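Summary of the model geometry
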Amino acid sequence: MKYLLQYTYRYCVGIVAFVTLTQTVCAQTESDAIMIPKNYLCVAGMYAHNNWDHYWEGTLKRENLNLGDISSNIYNVGVVYGLSNRINISAFTPYITTKASAGTLRGQRGFQDINLAFKWMAVREQIGRGLLSFHAIASGSIPVGNYQGDYLPFALGSRSKSIAVRGLVNYQIGRFFVAGAGQYIRRDNMTIDRDAYYTTEMHYTNQVALPNATNFLVSAGFRSLLLNVEAIATKYTTLGGFDITRNNMPFPSNRMNATAIGGLVKYMPQTIRGLEFTAGSNYVVAGRNVGQNFQIMGGIDYVFSVKKEKK
Amino acid sequence: MKTRILYISALLSAALFVASCKKDITERNQEFPALAPANIDLNADTWVPILTGASTFTVATPEAITTPNYLADLNEIKSYQKNLTSEQKDIIKYWSAGSVLRWNEILRELVAKHNLPPYQNDDGSYPFPSAANPLAYPLFPFSNPPYAARAYAYVSAAQYDALVQAWKFKKSFNRAAPYKNDVNVQALVPKSDLPAYPSEDAVVAGVTAQMMVLLFPGDLDYIQKKVAEEKLFRLMAGANTRSDWDAGENLGKQVAAVFLARARSDKAGAAIGTQTDWTKFETDAKAAGNTPWISLELPHRPPMLPLFTKVTPLLLPAATVAAIRPAAPYKEGTAEYEKDMQEVMAMSNDHSREHERIVAFWADGVGTTTPPGHWNAIAAEEFVKHNYSEVRWARNLALLNMAEMDAAIVCWDTKYFYFNPRPTQMVAGIKTLTGIPNFPSYISGHATFSGAAATVLGYLVPERATEFMTMANEAGMSRLYGGIHYRNDCTVGLATGVKVGAYAVAKGKADGSN
């Protein structure tokens, strides 16, 4: 049992992908290959800081002296529970604050969405010298705060429901692994405070159709009982949406694409079993209608059994 | 057991995935019914037009309904009606809601598209759009609120005049609609006893398209596509023949010429001003012992259309603009000023979600139809319920939009006469819930536009007068909640707007339409 725990759990909480002009939070638990054993609970807290001063207006990269630096702080807390060794469920809710360093526009603060995930390790077998696993992950988000979604770039999120499916393959040989994942995100319409808006044409409604999205990830790294190190590249693409026109404001149904690269380090002191520290960073290297975000994050989590192990 | 739970979960997830996210949206203006006027206003030929009371227009005498040419026109309609595609049926459904209504929506759409402040040059100065080169950046026009108010006004007034003129010819020629002249022509719109020559839809399309040559010269391809689509609609619907249409479109263009001449000489073209003008506002304010307004944008942007104050109003005598200019704003340091300032600072710290909602609902800023456009949408959604004739639609929107244009002139006159700073200029650290418009604070444009609009709409639809004024008040106060205006800017703006609106009401009472 101890072996299984040490070998498999990791990243109870992970990176926060700041992929758009808005804040998108995703707990890494649903994007890695690691499972928590049955009856184990992980309690996690995470902080991330995002900052950008350049953004893509359509494909044109620019700055905005009337906004300066756009920054946000994300405080994410949540739990992951092992329903079985092959099925984990998780719930996370971030509290977010946003602000600009120039101009007068007021930032926002508040709870964003509750992010729920159901992760199933469908395949786990020895292939060649390594261990191959395939995971199917269903996740969804539901707004918890009554925040203003149509207030970019300060909005905490789009204040709409979303549901996603993800397939993830992980292959590990010894202490080295590579992983790849693909995700399809279906997004609900959002309700805005205005009763009309212009995209590429006028719309007389307070409902906004948000484009669905895909999210691809590749990662590779090293895992030991003491330390994990990995490099991650992600590519988030909205399927549809429109470009911000010259000197216009961003809008939630913009086409928002972002390619980011980053790294993650995790330290598990062997003195206190179940305690983990995570630190990471990522940077948007290419984008469209999104900020060129730089993120640093740190997290702490604690994994423990909720049932007494039989001696 | 475990496997079964797994399969059920997977199945449930799949069902949830497909069902949980709504994707269909029905927009309010897609549900407007086909226009079936309660009263066709056959006497509208006697209504008083805005500019064309003494003008002469020519419309060729139509051919008799027994002539080969007219019969050919009918055959064209029947050939369309034989094979209507679903796309053509959609065109009929769209346009049958009303010509004045749809052209008003098209205009609002163009305003929203063009309501974007130009990006600065590398040296920190700002380029201005050029009417002569509308498709070069910055695109012409920058349809900010005064520009938009004037565009709505000229288009609506010209549509109204064109329809009054059309009614004269309709009555004098008295040629019925195709569906009345041939039993084999179906009426795919509600039948009307109104004579069809010249076509009222064509008059509206013709006059509007011609006005766009001045107002939105970079979008004429889109406009002409819409004209062609509406023409096809009238033919397919059996409501007009090709000759009904062509006569109407031609009459519309003639009427537009009168309004274009007026618009080209109303001084709006010089409203941007020059550096000398901009500096003078500043020195005048200092000389009067006041803090002059400065642009809060980076880099500092020249004030928006400061000489719009000099534009010739449509309703008010030009001298009245200064006569109804409200008294000076509270002077710095007075108790009233301090009280208003404290209130703005309190709003800046007030995180009420309801305030955020109100601010966003009425913001009508960059990339929107502007406050006058918002009131056009409110008016249109109300008018749809009343089944007005096309000519009454046009008359009502003309009254509304002439009031909005004159409200813009009076408001801008007040703004630039006092050149009064925004609260955010006076106290650092005030946070706003919406962007700060690039012009002086006193009086609020939103409040002035809304006061004028609610007054006109309250006259047109008396049973909702109180409601409209409540909305106008909320629109005005939204600027205080947003931290970009003092309360006094909003209340005085609203009252000033009401005064301007009264001129439109007086005009409406005397135009013979009642």
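Per chain, the residues get numbers from 1 upward, laid out in the order the sequence is written. Numbering of ligands from 1 and lettering of chains from A proceed in the order in which they are written. It should be noted that, the model being predicted, local features are given only for residues of pLDDT at least 70 and side-chain atom pairs only at 80 or more, the latter also being counted only at that level, while totals for whole chains, interfaces and linings use all residues.

Considering the overall build of chain A
A run of DSSP states H or I qualifies as a helix once it reaches four residues; a run of E qualifies as a strand once it reaches two. Both are numbered from the N-terminal end. For chain A, the count of helices and strands is one helix and 19 strands. Going through the 311 residues of chain A one by one, you find that 49% of them count as buried. C-beta atoms are placed from the backbone for every residue, and two residues are taken to be in contact when these atoms lie within 7 Å. Put simply, 63% of the contacts in chain A that link residues at least 6 apart link residues at least 24 apart. Any residue with 12 or fewer other C-beta atoms within 10 Å of its own C-beta is exposed, any with 20 or more is buried, and the rest are partly exposed; the C-beta atoms used are placed from the backbone.

Here we look at the overall build of chain B
Scanning chain B from terminus to terminus reveals 19 helices and zero strands. C-alpha atoms define the radius of gyration, and 2.2 Å times the number of residues to the power 0.38 defines the globule rule. Expected size for 514 residues packed as a compact globule is a radius of gyration near 24 Å; at 26 Å, chain B falls within 12% of this value. The long-range share in chain B, meaning contacts at least 24 apart out of those at least 6 apart in sequence, stands at 85%.

Concerning the nonpolar core
Ranked by internal contacts, the top residues of the largest apolar core, which has 148 residues, are A157, A158, L163, M402, A403, A453 and V456 of chain B. The greatest single-element share of this core, amounting to 18 residues, is contributed by helix α15 (residues 390–418) of chain B. Sequence-distant contacts of A453 of chain B, that is, excluding residues within four places in its chain, are made with W375, L400, A403, E404 and A472 of chain B. By our criterion, buried Ala, Val, Leu, Ile, Met, Phe, Trp, Tyr and Cys residues that link up through C-beta atoms within 7 Å make up a nonpolar core. By size, the runner-up hydrophobic cluster in this structure holds 51 residues, among which are I74, A100, L105 and A181 of chain A.

Concerning the packing of helix α5 (residues 145–173) of chain B against helix α14 (residues 370–383) of chain B
Two packed helices can be described by the angle between their axes and the distance between those axes. Residues and elements named next belong to chain B. Each axis is a line fitted through C-alpha atoms, and for a helix only the stretch in contact is used; angles between axes span 0 to 180 degrees, taken between their N-to-C directions. For the pair α5 and α14, the least separation of the axes is 7 Å and the interaxial angle reads 40°. Considering their axes alone, α5 and α14 lie oblique with respect to each other. Residues P145, A148, A149 and Y152 of α5 pack against T370, P371, P372, G373 and N376 of α14. Any residue outside Ala, Val, Leu, Ile, Met, Phe, Trp, Tyr, Cys, Pro, Asp, Glu, Lys and Arg is labelled polar, Gly included; the first ten of those are nonpolar and the last four are charged. Considered class by class, the residues forming the contact of α5 with α14 number six nonpolar, three polar and no charged. Put simply, angles under 35 degrees are roughly parallel, angles over 145 are roughly antiparallel, angles from 65 to 115 are roughly perpendicular, and the rest are oblique.

Things to note about the interface of chain B and chain A
On the side of chain A, 35 residues touch chain B, which itself brings 39 residues to the contact. Sorting the residues of the side of chain B that touches chain A by element identifies α1 (2–19), α4 (99–114) and α13 (353–363) of chain B as the ones contributing at least two each. In terms of residue class, the side of chain B that touches chain A is made up of 18 nonpolar, eight polar and 13 charged.

Description of the environment of A64 of chain B
Residues and elements named next belong to chain B. Relative to the elements of secondary structure, A64 occurs in the loop between α1 and α2 (68–82). Residue class for A64 comes out exposed when judged on the 9 C-beta atoms lying within 10 Å of it. Residues A64 and A319, 255 residues apart in the sequence, show an inter-C-alpha distance of 51 Å.

Observations concerning unusual backbone geometry
The omega torsion across Y137 of chain B and P138 of chain B is -5°, close enough to zero to call that bond cis. Tracing the chain through its elements places P138 of chain B in the loop between α4 and α5. Y197 of chain B connects to P198 of chain B through a cis peptide bond whose omega is -5°. Positive phi is not limited to glycine here, since N39 of chain A has a value of about 70°. By the element assignment, N39 of chain A lies in the loop between α1 (2–8) and β1 (40–52). Accessibility expressed as a C-beta count within 10 Å gives 16 for N39 of chain A, which makes it partly exposed. The phi angle at D364 of chain B is positive, at roughly 45°, despite the residue not being glycine. Looking at the element boundaries, D364 of chain B is found in the loop between α13 and α14.

Structural notes on the packing of α14 of chain B against helix α17 (residues 445–460) of chain B
All names here are of chain B. For the pair α14 and α17, the least separation of the axes is 9 Å and the interaxial angle reads 25°. As summarised for this structure, α14 and α17 are arranged roughly parallel, according to the angle between their axes. Along this stretch, α14 crosses α17, giving a crossing that reads as right-handed. Seen from α14, the contacting residues are P371, P372, W375, A379 and E382; seen from α17, they are G445, H446, F449, S450, A453 and L457. For the contact of α14 with α17, the residue count by class is seven nonpolar, three polar and one charged. Two helices cross in a left-handed way if the nearer one is turned anticlockwise from the farther one by less than a right angle. They cross in a right-handed way if the turn is clockwise.

Topic: α5 of chain B
One less than the number of residues in a helix, times 1.5 Å, gives the span that helix is expected to have. End to end, α5 of chain B covers 41 Å across 29 residues, agreeing with the expected 42 Å (1.5 Å per residue, within 8%). Where α5 of chain B ends, the next residue or the one after it, N174 of chain B, has phi of about 50°, a positive value.

A look at helix α18 (residues 465–481) of chain B
All names here are of chain B. Between its terminal C-alpha atoms α18 stretches 24 Å, which fits the 24 Å expected from 17 residues at 1.5 Å a residue. Among the residues of α18, F468, M471, A472, A475, G476, M477, S478, R479, L480 and Y481 are the ones counted as buried. Next to the buried residues of α18 lie α12 (335–348), α13, α14, α17 and α19 (487–509). The first or second residue beyond α18 is G483, which carries a positive phi of 80°.

Concerning the environment of I358 of chain B
Residue and element names in this part refer to chain B. Topologically, I358 is positioned in helix α13. The spacing of I358 and D123 is 235 residues in sequence and 38 Å in space, taken between C-alpha atoms. I358 has contacts with E474, S478 and Y481, leaving out every residue within four places of it along the chain.

Brief notes about the pairing of strand β16 (residues 227–239) of chain A
Residues and elements named next belong to chain A. The alternating pattern of β16 places N228, E230, I232, T234, Y236 and T238 on a buried face, while none of L227, V229, A231, A233, K235, T237 and L239, on the opposite face, is buried. One requirement defines pairing of two strands: DSSP has to find at least two bridges between them. Pairing geometry for strand β15 (residues 212–223) and β16, over 12 bridges, is antiparallel. Each residue of the ladder has a partner; that of F222, found in β16, is V229. Between β15 and β16, which follow one another and run antiparallel, lie three residues. Direction of pairing for β16 relative to strand β17 (residues 257–267): antiparallel, over a ladder of 10 bridges. Each bridged residue has a counterpart across the sheet, and for V229 the counterpart in β17 is V265.

Let's talk about the pairing of β15 of chain A
In the sheet, strand β10 (residues 176–187) of chain A pairs with β15 of chain A via 10 bridges, with the strands oriented antiparallel. Its bridge partner being in β15 of chain A, I185 of chain A is matched across the sheet by A213 of chain A.

Some thoughts on the confidence of the model for chain A
Each residue carries a pLDDT score, the predictor's confidence in it, ranging from 0 to 100. Averaged over every residue, the pLDDT of chain A is 89; the share at 70 or more is 89%. Segment residues 1–28 of chain A: pLDDT under 50, and 105 contacts once partners within four positions in sequence are set aside and those in other chains are kept.

Digging into the confidence of the model for chain B
Segments scoring low in pLDDT should not have their predicted coordinates read at a detailed level. Scored by pLDDT, chain B comes out at a mean of 96, with 97% of its residues at no less than 70. Both confidence scores are given for the complex: pTM 0.95, ipTM 0.96.

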